[in-house]
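Each chain, letter by letter, is given below.
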Amino acid sequence: MDCPEVVRRLWEYLDGELAAKEAGAVRLHLESCSQCRPACHCDRAFLLLLSRSLRASAAAPSTLAASVRARLWPDAQ
Ligand SMILES: [Zn+2]
């Protein structure tokens, strides 16, 4: 799994929506990749909060998550 793939899946990973095998691959990458690890640690708490509030609000447009993600990781889009 490469960096853009990890960043794409990070959202689902943090949200607990990945299958165990994929979550393991993301976790493994984050543990070994100095490029992704800081981004994950910095944004983890924020993303967790955000993803929960997005999911809790049925009215939140799905594009909001994508636009937030684009701001956090413009290179991964
Ligand atoms: Zn990486």
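### Considerations on the side chain of H29
Next, step 1: Mapped onto the secondary structure, H29 falls in helix α2 (residues 20-32).
Next, step 2: The residues contacting H29, other than those within four sequence positions of it, are M1, D2, C3, V6 and C36.

### Quick notes on the confidence of the model for the chain
Next, step 1: For the chain, the mean per-residue pLDDT works out to 77, and 69% of the residues sit at or above 70.
Next, step 2: At the low end of the mean pLDDT range in the chain sits helix α3 (residues 36-56), at 67; at the high end sits α2, at 91.

### Observations concerning the coordination of the zinc ion
Each donor-metal-donor angle in an ideal tetrahedron of four donors is 109.5 degrees, and each such angle in an ideal octahedron of six donors is either 90 or 180 degrees.
Next, step 1: Around the zinc ion, the donor atoms from the protein are C3 (SG), H29 (NE2), C33 (SG) and C36 (SG), and they sit 2.0 to 2.3 Å away.
Next, step 2: Of note is the zinc ion, whose 4 donor atoms meet at the metal with angles of 107 to 115 degrees in an arrangement that counts as tetrahedral.
Next, step 3: Written as a sequence motif, the donor arrangement for the zinc ion is C-x25-H-x3-C-x2-C. The residues H29 and C33 share a single accessibility class, namely buried.

### Focus: the pattern of salt bridges
Next, step 1: Tallied over the entire structure, the rule returns 3 salt bridges.
Next, step 2: For E5, the salt bridge is made with R8, and the minimal N-O distance between the two is 2.9 Å. Note that E5 and R8 are positioned in helix α1 (residues 3-14) at a spacing of 3 residues, about one turn of the helix.
Next, step 3: For R9, the salt bridge identified is with E22, shortest N-O distance 2.2 Å. Of the two residues, R9 is situated in helix α1 and E22 in helix α2; the sequence distance between them amounts to 13 residues.
Next, step 4: Owing to a relative accessible area of 29%, E22 belongs among the partly exposed residues under this scheme.
Next, step 5: Among the charged side chains, a salt-bridge network with shared partners connects E5, R8, R9 and E22.

Rules of the game
- Residues numbered from 1 in each chain as written.
- Predicted model: local features only at pLDDT ≥ 70, side-chain atom pairs only at ≥ 80, totals over all residues.
- Heavy atoms only, no water.
- Helix = DSSP H or I, 4+ residues; strand = E, 2+ residues; numbered from the N terminus.
- Contact = heavy atoms within 4.5 Å.
- pLDDT = per-residue confidence, 0-100.
- Donors = N, O, S within 2.8 Å, 3.2 Å for Na, K, Ca; no water.
- Tetrahedral: all angles 85-135°; square planar, octahedral: opposite > 155°, others 65-115°.
- Buried < 20%, exposed > 50% of the residue type's maximum accessible area, 1.4 Å probe, protein only.
- Salt bridge = Lys/Arg side-chain N within 4 Å of Asp/Glu carboxyl O.

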